[in-house]
Amino acid sequence: MTVTAASLIKTATGFYEAQALFAAVELGVFARVSSGPVPLSTLQDDLGLHANVAADFLDALVAMRLLTRTDAGYAATPAARAYLTPGAPEYIGGFLTLNQRRLYPAWGDLTSFLKNAENLAHGAKVDDPMPALYATPQRTRSFAEGMDGYATLLGRPLSEKFDWASVKSFADLGGCRGMLTTRVAAAHPHLQGVTFDLAPLNPLFDELVASVTGTTDLASRVRFQAGSFFTDPLPETEVYIIGHVLHDWVESKRREIIQRAYDHLPAGGTLLIYDSMIDDQREESAFGLLMSLNMALLSGASEYTMAQGQGWLREAGFQVESPVALNELTTLLIGRKPL
Ligand SMILES: C[S@@+](CC[C@H](N)C(=O)[O-])C[C@H]1O[C@@H](n2cnc3c(N)ncnc32)[C@H](O)[C@@H]1O
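Residues numbered from 1 in each chain as written. Predicted model: local features only at pLDDT ≥ 70, side-chain atom pairs only at ≥ 80, totals over all residues. Heavy atoms only, no water.

A. Fine view of helix H5 (residues 54–63). The complete set of buried residues in H5 reads Ala54, Phe57, Leu58, Leu61 and Val62. Taken down its axis, H5 places every buried residue within 145 degrees of arc, on the same side. Along H5, exposed side chains directed more than 90 degrees from the buried face belong to Asp56 and Ala63. Looking at the buried positions of H5, the neighbouring elements they touch are helix H2 (14–27), helix H3 (29–33), helix H4 (40–47), strand S1 (67–70) and strand S2 (73–76). Following H5 by one or two positions, Arg65 has its phi on the positive side, about 65 degrees. (Buried < 20%, exposed > 50% of the residue type's maximum accessible area, 1.4 Å probe, protein only. Helix = DSSP H or I, 4+ residues; strand = E, 2+ residues; numbered from the N terminus. Arc of directions from axis to C-beta. Contact = heavy atoms within 4.5 Å.)

B. Fine view of the packing of helix H7 (residues 93–107) against helix H15 (residues 286–299). Here H7 crosses H15 at 95 degrees, and the two axes come no closer than 10 Å. The pairing of H7 with H15 is recorded here as roughly perpendicular in orientation. From H7, Arg102, Leu103, Ala106 and Trp107 reach across to H15, where they touch Leu290, Leu293, Asn294, Leu297 and Leu298. Considered class by class, the residues forming the contact of H7 with H15 number seven nonpolar, one polar and one charged. (Axes fitted to C-alpha atoms, helices over the stretch in contact; angles between N-to-C directions. Parallel < 35°, antiparallel > 145°, perpendicular 65-115°, else oblique. Nonpolar A, V, L, I, M, F, W, Y, C, P; charged D, E, K, R; others polar.)

C. Focus on the domain arrangement of the protein. By domain assignment, the protein separates into domain 1 (5–83) and domain 2 (96–336). Taken together, the seven residues of domain 1 in the interface contact seven residues of domain 2. Here domain 1 and domain 2 share an interface that buries about 620 Å² over both sides, 66% of which is from carbon and sulfur atoms. Viewed at the interface, domain 2 and domain 1 are joined by zero salt bridges. At the junction of domain 1 with domain 2, the criterion picks out one residue pair in polar contact (both at pLDDT 80 or more). Grouping the amino acids of the side of domain 1 that touches domain 2 by side-chain chemistry returns five nonpolar, one polar and one charged. (Domains from an automatic or database assignment. Buried area = accessible area lost by both parts, 1.4 Å probe. Salt bridge = Lys/Arg side-chain N within 4 Å of Asp/Glu carboxyl O. Polar contact = N/O pair within 3.5 Å; in protein donor to acceptor, adjacent residues only side chain to side chain.)

D. Representation of the site of the ligand. If you check the shell around the ligand, you find 20 residues, and the closest are Tyr134, Gly174, Asp197, Gly243 and Tyr274. One of the backbone N or O atoms of Gly174 is found 2.8 Å from a nitrogen atom in the ligand. Ser228 has a polar side-chain atom sitting 3.0 Å from a nitrogen atom of the ligand. With three residues, the top contributor of residues to the shell around the ligand is helix H10 (residues 137–161). Along the lines of polarity and charge, the residues of the shell around the ligand split into 13 nonpolar, five polar and two charged. (Near = heavy atom within 4 Å.)

E. Summary view of the environment of Leu58. Structurally, the position occupied by Leu58 is in helix H5. Note: C-alpha distance between Leu58 and Thr68 (ten residues apart in sequence) is 9.3 Å. Once residues within four sequence positions are removed from consideration, Leu58 is found in contact with Val29, Leu40, Leu43, Leu49, Leu67 and Tyr74.

F. Geometry of the pairing of strand S4 (residues 192–197). For S4, a buried count of five out of six residues is recorded, marking the element as mostly surrounded by other parts of the structure. Where strand S3 (residues 169–173) and S4 come together, five bridges link them in parallel fashion. If you follow Asp172 over to S4, its bridge partner there is Thr195. Bridging between S4 and strand S5 (residues 222–226) involves five bridges; their strand directions are parallel. Paired with Asp197 across the two strands is Ala226, which belongs to S5. (Pairing = 2+ DSSP bridges.)

G. Spotlight on the pairing of strand S7 (residues 270–275). Counting buried residues along S7, six of its six residues qualify, which places the element largely inside the surrounding structure. Bridge analysis of strand S6 (residues 239–243) against S7 gives five bridges, and the strand direction is parallel. Paired with Ile242 across the strands is Ile273, a residue of S7. Crossover handedness for the path S6 to helix H14 (residues 251–264) to S7: right-handed. Strand direction decides the pairing type here: S7 and strand S10 (residues 330–336), joined by six bridges, are antiparallel. Following the sheet pairing, Leu272 is matched in S10 by Ile334. (Right-handed = clockwise from strand over helix to strand, strands pointing away.)

And the structure:
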């Protein structure tokens, strides 16, 4: 990509688009227009938009290809119906809200963080962020909805890009409320799946499983197991998934989690790790590198290169396969425990 003055200005004002998107989700624009065109005046009234700015806001969403505008009014585009309408199978609104409420304010102070991060990033100690996140049921739900909004996108590629035919069971360690467990189990009716995570997520797992329709025996094939991957026995399954987990922890803790996974897997078992990994030369994956700073801001941890991840797998005893791109933002590493 060539950098020009105009491209720099687009980068600098990228937050305009992000905030317009966040506001549209928060206001319920897409839910309101998902079933057909709604006139401007009706939208203004229903969403409480001020007449001075409503048309510019909604037309900006048209220009962002999230709405269409005809004589009948504004309607959701297919992309907005698929990803931004609550209840859609690939709804990512929870992740957008997490970015709006938690990450956007944190990034506002990046300069001072960059000068004062000695106690955080890559340090010897990262406080466990989870007790605060799960302090109340409302906080737990809002965090879980944020994770859902990303995991939902990985359900299909993870179901398709790994050969599930040869295994019968898997566990998603740090699987939150079970979004990925339910997606993989729904895609492969022969599989039994376990979501292994901290106890506060159990009721939200039950709620999610009860809400899944169209997969007759899903409830009998998936279960929640409460526990810590640092201290408790891990589920007895043939495959473990560890996704968006290692980036929460410093390196020594990552090694510990991977080693425990190796020790609990049967011979021939498989460990799948996904994250927004960084290219090995650390010069191409802007998303992975910026996500790394994001993790430093949030929890004092970081992303990591594919080679680093593969190194930890080998160190634990796994045989390592080539990395697989789950989508353009997420890399999957595969480790096999020798027979
Ligand atoms: C960033 S979220 C990732 C969730 C999910 N795997 C995904 O990809 O969306 C990290 C998860 O690790 C879980 N977790 C944190 N500490 C844990 C522990 N000690 N044992 C088990 N799970 C833990 C959290 O509760 C949370 O669900």
